Amino acid sequence: MFICGYHFPASEGNDVSFDKVIEKVQEGIDATGKTVTLTSETREGVKLEELSVPAGTFLHTALVDYYTNTECAPKDDFKMIYYTNKYQISEISKNVDGDSTKDICKKLDDMNLYRVKVA
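Just so it is clear, the model here is predicted, and its values are computed rather than measured.

Colleague: Hey, could you run me through the packing of aromatic side chains in this one?
Modeller: Given two aromatic rings, one states the distance between the centres and the angle between the planes to describe the pair. Tallying each qualifying case throughout the model produces one aromatic pair. Ring plane angle 20 degrees and centroid distance 6.2 Å describe the contact between Y83 and Y87, whose orientation is recorded as stacked. With Y83 and Y87 both in helix α3 (residues 83-96) and four residues apart, this pair spans about one turn of that helix. Residue classification places Y83 among the partly exposed residues on the basis of a relative accessible area of 32%. The class for Y87 is partly exposed, based on a relative accessible area of 28%. Taking NZ or CZ as reference, K79 lies 5.1 Å from the ring centre of Y67, over its face.

Shown next, in the form of structure tokens:
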């Protein structure tokens, strides 16, 4: 099973605890002092909005991890975030970050494309 880009034993099936995923995401990543920006756009490439992700949240750390470790090539310092990753990150964030990321996570559940930038 792959969650947020990390492999977990098949014996755990779909029941991998959020704590295990959070531990993997935070391992070796220092997101302190980094700014995370998400840009949403349509399939046609029309930019819809730019979102700032609150520092200190799982969402922030997970997006820094994704940006740092994904093999996706950057374009204009942004990396495309794939559907599976954004849904998984959003689901965990909704459960552990509470209201601080609720509005962003609702947006991540849509069918628009998202690019992430870490500075």
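Colleague: I keep staring at the pattern of salt bridges and nothing clicks. Help me out?
Modeller: Pairs can form between side chains of opposite charge whenever their charged atoms are close. Under the defined criterion, the tally for this structure stands at seven salt bridges. The partner of E41 in a salt bridge is R115, with the nearest N and O atoms 3.1 Å apart. Remark: R115 occurs in strand β6 (residues 113-118) and E41 occurs in strand β3 (residues 36-41); sequence separation between them is 74 residues. Taking the relative accessible area as the measure of exposure, E41 reaches 11% and is therefore buried. Where D110 meets K86, a salt bridge forms, and the shortest distance between an N and an O atom there is 3.5 Å. Within this pair, whereas D110 is found in the loop between α4 (102-108) and β6, its partner K86 is found in helix α3, the two being separated by 24 residues in sequence. The exposure class assigned to D110 is partly exposed, which follows from its relative accessible area of 23%. Given the relative accessible area of 1%, K86 is considered buried.

Here is what the cut-offs are and how they apply
- Residues numbered from 1 in each chain as written.
- Predicted model: local features only at pLDDT ≥ 70, side-chain atom pairs only at ≥ 80, totals over all residues.
- Heavy atoms only, no water.
- Phe/Tyr/Trp six-rings, centres within 6.5 Å; stacked < 30°, edge-to-face > 60°.
- Helix = DSSP H or I, 4+ residues; strand = E, 2+ residues; numbered from the N terminus.
- Buried < 20%, exposed > 50% of the residue type's maximum accessible area, 1.4 Å probe, protein only.
- Lys NZ or Arg CZ within 6 Å of the ring centre and 35° of its normal.
- Salt bridge = Lys/Arg side-chain N within 4 Å of Asp/Glu carboxyl O.

By themselves, these figures tell us nothing about what the structure is for.
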